[in-house]
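Below, each chain spelled out in residue letters.
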Amino acid sequence: MYQLLYNFTGDVIISTIVVALIPLTIILIYALFAIWLERKVSAHMQDRLGPMRTGWHGWLQTIADMIKMIQKEDTIAAEADKKLFNIAPVLVFTGSFAAYAAIPFSSALIGSEIEVGLFYIVAISSLVVVGILMAGWASNNKYSLLGAMRSAAQIVSYEIPTALVVLTMVMYTGTFSLTKISEMQTPYFWNWNILGGPEFGITKFLLIPFMIVAASIMFISTLAEVNRTPFDIPEAESELVAGYFTEYSGMKWGMFMLAEYANMLAVSAVVSILFFGGYQSPFGYLGNLLNIKWLIPFEQIFWFLLKGLILVFVQMWLRWTLPRLRVDQLMTVCWKYLIPYAVVNLIFVGIISLL
Amino acid sequence: MKSAEEIFEILKNEFGEAIISIEKDLPTEPIISINPFEIKKVCMFLRDNEELKFDSLMVLSGVDDANGEKIKDEDGTEIIKGGTLSVYYHLYSIPFKHKVTLKVSTPRENPQVESVESVWKCADWHEREAYDMFGIIFLNHPDLRRILMPYDWEAGYPLRKDYKNPEFYQGMKVPY
Amino acid sequence: MALKTETMILNMGPQHPSTHGVLRLELELEGELIKNVKPHIGYLHRCFEKHAEAMTYPQVIPYTDRMDYLASMYNNFGYVLAVEKLLGIQVPERVEYIRVIMGELQRIASHLVAIGTYGLDIGAFTPFLYCFRDREKILSLFEMTCGARLLYNYMWIGGLSHDIHPDFVRLTKEFIKSFRPTIDELNYLLSYNKIFIERTANIGVLPLDTAINYGVTGPVLRGSGLAFDLRKNEPYSIYDRFDFDIPVGKGLMGTVGDCWDRYYVRVQEMEQSLRIIEQAIDQIPEGDVQAAIPKRIKPPKGTVYFRVENPRGELGYFIISDGSPNPFRVKVRAPSFVNLEVLGELCKGHLVADVVAILGSIDIVLGEVDR
């Protein structure tokens, strides 16, 4: 993408800025859509209607909320640490947004083609922890501090099963680059990694159960990384009021919310790339059928967003169905169940892929 | 199931003159009057005795009997001098299903009753409320302080019949 | 030399999303473990007992509504029965039946709030809305009868304020038919959910002799294993004509007397209330609901203590009369006031997140605690 723009404009700076702005606009539009979707999904699951008056079935509600939030007073508690307080939401949003640089939206649209895309994503998401700790500490509030400590412990612990599953997939596919992993899973769904991968043979069928286990482990641990129920202890409304962002109001709070939704799409995108084929369509391309080659990247964007949104919908569905786990139970699930399963899975996939 | 008169007889045999009297001609239930400083021993006996086994205190309420003489104070309001404050205990036995009502009376000027908190832990907050509302001091209570009114309410005990609202509390005007 | 450590005092202050009202809990924490809990109450004290001494007996009834605002019918019921016992009057059969039906409908509505908000505290957002959807049906039945949705002033001394609407019987039967599957749905969604069980089983275990010594009553006592219900042990009104069971905590998912038991007792009590309503709704005799209301209410000198089974426990009214139209002293034994004392005992050794679970299972209403 960058190459295209560079050839078009001939200027490094302009092409960099445009390349950086495209995912940003996609995320912002997606975040508006996702907040509306969450409200409608939760409403219909709870036997009510949700926003209905602002626009058709309330789709302008998020915009109305944004306008309201922007014009709110920006309160900072007197004893709070002002510098850290202001930087914290920026850090959290940056950590979530920077992960989009390495995610391929289609075979032609990717922020930056780096060879170690997966490694970069796992690393940059840890920036969010620093932001959360800063938010909790700088609020000068016992509740926020408790929430921030719990959140830091949770995110750091759940990075380990995520990393183990990523390691499994890297070991199986042999590459870190997300574009290559998507290309390897050809546009036919029986070749996707969840169903054993592109090479046909006995290993493909042996791998299926382990791939399914790996996908579930990854889904659960990424759910914990974005602080969604059943792991939303840091934002637990009924215990800590709002956890680490209790003291934030107005646009800073808006940035935390945006960061949360951006993070949700980012991890759904990674899961779908690793296991479900990324931007590949499950049935082959219309462009191939009708011989219109330039249609293919657009179809890929459509499939990519569809898969991401389906996984985001599953995350929302879980939020409104399950109660939340207590903090020590959360840690038990991670250290005593997910990590051993992930390690055993890794060993098995390794053995099978040697066959 | 024992009736109140039988329980009165048992208590009279056990404790003698700590048990003062029994009023029998009331419409609903007879009431046994007891000396305020012996109430804890009596209640311990009532709880542990094999035939009585009163293991549950239903309610403990303070009452202002308003049976002193009403005299007019300097600013024209009525205050009551003399008379008694009473505490009523309603006990129930889960194994035997019988009930009894006890009453203690203390003088209004220096109301002191022994606490039964060590017999039934339920009495803890009930006695704090009786202290808060009437000013009855419960001896040997582990933590006697106000419970419903603010902790620094200086203006008296609200449920007494001659209670007047103060003018100001911490700078705020009290009568609305 | 030992390391000097200090415990942290955390205030779950008067304004908090899950303390069910204005209750201040002072937690003494060591990390996340609780060493001590001190409840501070009195934020909602509205001097009910002092007001009652200044008004006549019928004028006290709207004030009794406002104590436990989630079960107003039962507050009225208890007061009215106490005064009727003191006066010695007998109400018509129709009044008795309607009172029982209203009381049991109120019990279901109150338990729905308790269960819904308990799920909300634990983090399950959806059962709360399902419970409130069904509670709306009950509240519209009440609105049809006496015009109010929450604070009714319906039961008067010697009768009722309004007779029931002609459609009431038919609509109640429809409600019964639609509510039974909802209890199953609630069980499936919340009670047998593994995460919910992990959060509530073996938490806040209340042994039976501690419970009796602290004087707790209601679902809290029944959850600890004792089948004690005033509707069966000391039947008042016409409860002895109906056939229903007393659900008791059996320790199905953990130990006897933990939070899950208390919660499950409430779910089962809703089922039993449905049975009572089913039996009563077919047998309502004809009559005039205001026939036995006396013109002047001047009870004889004396005292009465009468207790009824509120959805939260034993609600008792101790009324002293001195022969005048105003009561001399009205003391209310509120179940939540007594049940709240046991919170300090139950929370020792648990984590902060468990305080919310235990408080929700005791099910207090601050209007009753503070009066």
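Scroll up for the structure.
Residues numbered from 1 in each chain as written. Chains lettered and ligands numbered in written order. Predicted model: local features only at pLDDT ≥ 70, side-chain atom pairs only at ≥ 80, totals over all residues.

## Let's talk about the overall build of chain A
When you go through chain A residue by residue, the secondary structure sums to 14 helices and zero strands. Rg of the C-alpha trace for chain A: 21 Å, near the compact-globule value of 20 Å for 355 residues, within the 12% margin. With the C-alpha coordinates of chain A rotated into their principal frame, the extents come out at 65 × 50 × 45 Å. Taken over 355 residues, chain A has a buried fraction of 44%. (Helix = DSSP H or I, 4+ residues; strand = E, 2+ residues; numbered from the N terminus. Rg over C-alpha atoms; globule rule 2.2 N^0.38 Å. Buried ≥ 20, exposed ≤ 12 C-beta atoms within 10 Å, placed from the backbone.)

## Overview of the overall build of chain C
Per the secondary structure count, chain C includes 15 helices and eight strands. The C-alpha radius of gyration computed for chain C amounts to 21 Å, which stays within 12% of the reference 21 Å derived for 371 residues, consistent with globular compactness. By principal-axis analysis of the C-alpha atoms, chain C measures approximately 80 × 45 × 35 Å.

## Considerations on the pairing of strand β6 (residues 84-92) of chain B
Residues and elements named next belong to chain B. Extensive coverage of β6 is indicated by the burial of eight of its nine residues. Pairing of strand β3 (residues 56-64) with β6, which is carried by eight bridges, proceeds in the antiparallel orientation. Considered in β6, the bridge of leucine 57 is made with leucine 91. Pairing of β6 with strand β7 (residues 99-107), which is carried by nine bridges, proceeds in the antiparallel orientation. Note on β7: the bridge partner recorded for leucine 91 is valine 100. (Pairing = 2+ DSSP bridges.)

## Some points on the arrangement of the chains
When the two pairs of chains in contact are ranked by number of contacts, first place goes to chains B and C. One finds no contact linking chain A with chain B; the least C-alpha distance across the pair is 25 Å. (Contact = placed C-beta atoms within 7 Å.)

## Overview of the interface of chain C and chain A
Counting from both sides, the interface comprises 23 residues of chain C and, opposite them, 22 residues of chain A. Mapped onto the side of chain C that touches chain A, the elements with two or more residues apiece are α4 (93-122), α5 (126-146), α7 (194-200) and α14 (352-362) of chain C. Tallied by class, the residues present in the side of chain C that touches chain A amount to 14 nonpolar, five polar and four charged. (Nonpolar A, V, L, I, M, F, W, Y, C, P; charged D, E, K, R; others polar.)

## Describing helix α1 (residues 4-15) of chain B
A rise of 1.5 Å per residue sets the reference length of α1 of chain B, with its twelve residues, at 16 Å; its end C-alpha atoms lie 16 Å apart and thus fit the reference within 8%. Glycine 16 of chain B lies just past α1 of chain B and shows a positive phi near 65°. (Expected span 1.5 Å × (residues − 1).)

## Quick look at the packing of helix α2 (residues 12-45) of chain A against helix α11 (residues 251-276) of chain A
A pair of packed helices is characterised by two quantities: the angle between their axes and the separation of those axes. All names here are of chain A. Taken N-terminus to C-terminus, the directions of α2 and α11 make an angle of 100°; their axes are 9 Å apart at the nearest point. Relative to α11, the element α2 lies roughly perpendicular. Contacts between α2 and α11 pair Ile27, Tyr30, Ala31, Ala34 and Ile35 from the former with Leu258, Tyr261, Ala262 and Leu265 from the latter. Considering only residue class, the contact of α2 with α11 consists of nine nonpolar, no polar and no charged. (Axes fitted to C-alpha atoms, helices over the stretch in contact; angles between N-to-C directions. Parallel < 35°, antiparallel > 145°, perpendicular 65-115°, else oblique.)

## Considerations on the interface of chain C and chain B
Counting residues at the interface gives 29 residues for chain C, matched by 23 residues for chain B. For the side of chain C that touches chain B, the leading source of residues is strand β6 (residues 302-310) of chain C, giving five residues. Residue composition of the side of chain C that touches chain B, by class: 13 nonpolar, seven polar and nine charged.

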